[in-house]
Amino acid sequence: MPVLISSREDRRRVSTQPQTFQMTQYSQLNPAERILMGPGPSSVSNRVLKALASPTLGHLDPQYVQIMDETCALLREVFQTQNKMTFPVSGTGMAGMETLAVNLLEPGDEALVCVNGAFGGRMKDVMERCGAIVHTVESAWGEIITDEAAAEAIAAHPKAKLFAIVHAETSTGAHQPLINISKSAHDAGMLFLVDSVTSLGGHELQVDEWGIDAIYSGTQKNLSCPPGLSPVSFSDRALEVIEERKTKVKSWYLDVSMLRDYYMGNASGGRAYHHTAPINMTYALREALIMVREEGLENRIARHAEMHQRLRGGLEAMGLKYVPSHSLHNLNCVYIPDGTEDAAVRSRLLAEYDIEIGAGLGPMAGKAWRIGIMGHACTKRNVDLVLAALKEVL
Ligand code: PLP
């Protein structure tokens, strides 16, 4: 018998049932309106959801081309860059990571990658799959990479073509300073690559000012757009490196020299078909970016900082301790108190309050919670609600 999910009560009952697969009637799809306060995705506004539901255009329709151009222009604003080659890769944040790696690395190239959490580890893996010889700069999960450790590694591996680092390590909540490391990498002639999946639109990030040569992000964190696109940006210097490649980019789908003819236009100004762009996701991203513009990027960043102080005050008053010494504002990673059942607490928050918080990743599994206050979900109401709910459940 199919389970009909018709009331709030039913949704709670179904959502808390163990892994048994429940057949729903397709017409009954009715997801709960959760308050998404985990590591992402974050809650999406009705305005963005409405944009997503607008009529689908063709990917070469002049109207759509204009929508895409506007989306790229809005992305330049949020990345704070003049880079022409700034566009949303079709795919989630991992597609952005792979886009940078496959285009900038050739087999046998050396790369320096910082690993102090899950996503630095993924960068290493992705770059090794490109045939690169990857040297790591490591620190403990929860710690940042110091300027000194980065400078030492750069001196030890002067032949590295690029230096890659995660700005906001979502697995630990650590907020990585970038400016001095960028300078050291450039002084050694390396490209400086940054993962900004969790920082874009919620933390200060200045691509041009900070000398970032290539960067990727995601839509589902501080931009509060559903997951599905990965904004990327390449400096002219990075594009020159791509042009000088001796070997073909291993991925056809993510080859920037081919994507350029669609996103930026070819020599005659036309748009060449490469793959069918995710039309409705572009509408959603454009709307989400317009909302950032309306709020003002600086105000948005300040809102995340203010809500972090409010949340942090409440969590610490409950005796919870932060994992990282340099905490992100939008992702608050705290140790689970001794004797507390991780899954039971998260399940109760979901079932009783419709609040999702994140579990720990990798070595942090069972030891930490990750509480996100990202974009549309970063409000006084949500901060106070999650604090009250946690207090009650604990
Ligand atoms: N990098 C970081 C820092 C992330 O937090 C994530 C996802 O949470 C990713 C990369 C991968 O993004 P996605 O899951 O959207 O593919």
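First, a word on scope: everything that follows refers to the structure included in this document. Model, not experiment: these values are computed from the prediction.

Basis of the calculations
Residues numbered from 1 in each chain as written. Predicted model: local features only at pLDDT ≥ 70, side-chain atom pairs only at ≥ 80, totals over all residues. Heavy atoms only, no water. Near = heavy atom within 4 Å. Polar contact = N/O pair within 3.5 Å; in protein donor to acceptor, adjacent residues only side chain to side chain. Areas by Shrake-Rupley, 256 points an atom, 1.4 Å probe, with all protein chains shown as cover. Nonpolar A, V, L, I, M, F, W, Y, C, P; charged D, E, K, R; others polar. Pairing = 2+ DSSP bridges. Helix = DSSP H or I, 4+ residues; strand = E, 2+ residues; numbered from the N terminus. Axes fitted to C-alpha atoms, helices over the stretch in contact; angles between N-to-C directions. Contact = heavy atoms within 4.5 Å. 1 Å grid on protein atoms, 1.4 Å probe; cavity = no way out; pocket = protein on both sides within 12 Å on 5 of 7 lines; lining within 4 Å. Points joined across faces, edges and corners; volume = space filled by probe spheres on them. Core = buried A, V, L, I, M, F, W, Y, C linked by side-chain atoms within 4.5 Å. Buried < 20%, exposed > 50% of the residue type's maximum accessible area, 1.4 Å probe, protein only. Phe/Tyr/Trp six-rings, centres within 6.5 Å; stacked < 30°, edge-to-face > 60°.

## A look at the site of the ligand
Then, in step 1: Close contacts around the ligand come from Thr92, Gly93, Met94, Phe119, Val166, Ala168, Thr170, Asp195, Val197, Thr198, Gln220 and Lys221, and that covers them all.
Then, in step 2: Take methionine 94: an N or O atom from its main chain is 2.8 Å from an oxygen atom of the ligand.
Then, in step 3: Here lysine 221 contributes a side-chain N or O atom positioned 2.7 Å from an oxygen atom of the ligand.
Then, in step 4: About the coverage of the ligand: the protein hides 88% of its 390 Å² of free accessible area.
Then, in step 5: Split by residue class, the shell around the ligand holds 5 nonpolar, 5 polar and 2 charged.

## Let's talk about the sheet that holds strand β14 (residues 368-372)
Then, in step 1: Taking strand neighbours across the sheet as the criterion, the 3 strands line up as β11-β14-β13 in an open arrangement whose pairing is antiparallel. Looking at strand neighbours, the two that pair on one side only are β11 (331-335) and β13 (358-359), the edges of this open sheet.
Then, in step 2: The pairing of β13 with β14 spans 2 bridges and is antiparallel. Looking at β14, one finds that glycine 358 is bridged to arginine 370.

## Observations regarding the sheet that holds strand β2 (residues 85-90)
Strands belonging to one sheet form pairs held by backbone hydrogen bonds; the direction of such a pair is parallel or antiparallel.
Then, in step 1: Across the sheet, 7 strands lie side by side as β2-β10-β9-β8-β5-β3-β4; this open sheet has mixed pairing. Two strands lie at the open edges of the sheet, namely β2 and β4 (133-138), each paired on one side alone. In this sheet, neighbouring strand axes are inclined to one another by 20° on average, regardless of whether the strands run parallel or antiparallel.
Then, in step 2: Where strand β3 (residues 110-115) lies against strand β5 (residues 162-166), 3 bridges are found, and the strand directions are parallel. In the sheet register, valine 113 faces β5, and the bridge partner there is alanine 164.
Then, in step 3: Across the face of the sheet, helix α3 (residues 62-79) comes into contact with β2, β9 (214-216) and β10 (229-234) while running at roughly 110° to β2.
Then, in step 4: Along the sheet, helix α8 (residues 236-243) makes contact with β2, β8 (191-195) and β10, crossing β10 at roughly 90°.

## Observations regarding the layout of surface pockets
Then, in step 1: The space that makes up the largest pocket amounts to roughly 510 Å³.
Then, in step 2: Among the elements of the structure, β1 (35-36), α2 (46-52) and α13 (380-393) are those that each provide at least two residues to the lining of the largest pocket.
Then, in step 3: Class assignment for the residues of the lining of the largest pocket results in 9 nonpolar, 7 polar and 5 charged.

## Section: the nonpolar core
Then, in step 1: In this structure, Phe87, Leu104, Met127, Leu162, Leu193 and Phe234 are the most contacted members of the largest nonpolar core, which totals 50 residues.
Then, in step 2: Sort the elements by how many residues they give to this core and helix α4 (residues 93-104) lands first, with 6 residues.
Then, in step 3: Leave out the neighbours within four places in its chain, and methionine 127 touches Ala101, Leu105, Ala111, Val113, Ala132, Val134, Leu162, Ala164 and Leu193.
Then, in step 4: Core analysis: the second largest hydrophobic core is formed by 38 residues, Val137, Ala150, Leu200 and Cys225 among them.

## Observations regarding the packing of aromatic side chains
Then, in step 1: Taken as a whole and assessed by the stated rule, the structure comprises 3 aromatic pairs.
Then, in step 2: An angle of 80° between the planes, with centres 5.0 Å apart, marks the rings of tyrosine 262 and tyrosine 263 as edge-to-face. For the pair shown, tyrosine 262 and tyrosine 263 are each scored as buried.
Then, in step 3: Taken together, the aromatic side chains of Phe87, Tyr262 and Tyr263 make up a single cluster linked through ring pairs.

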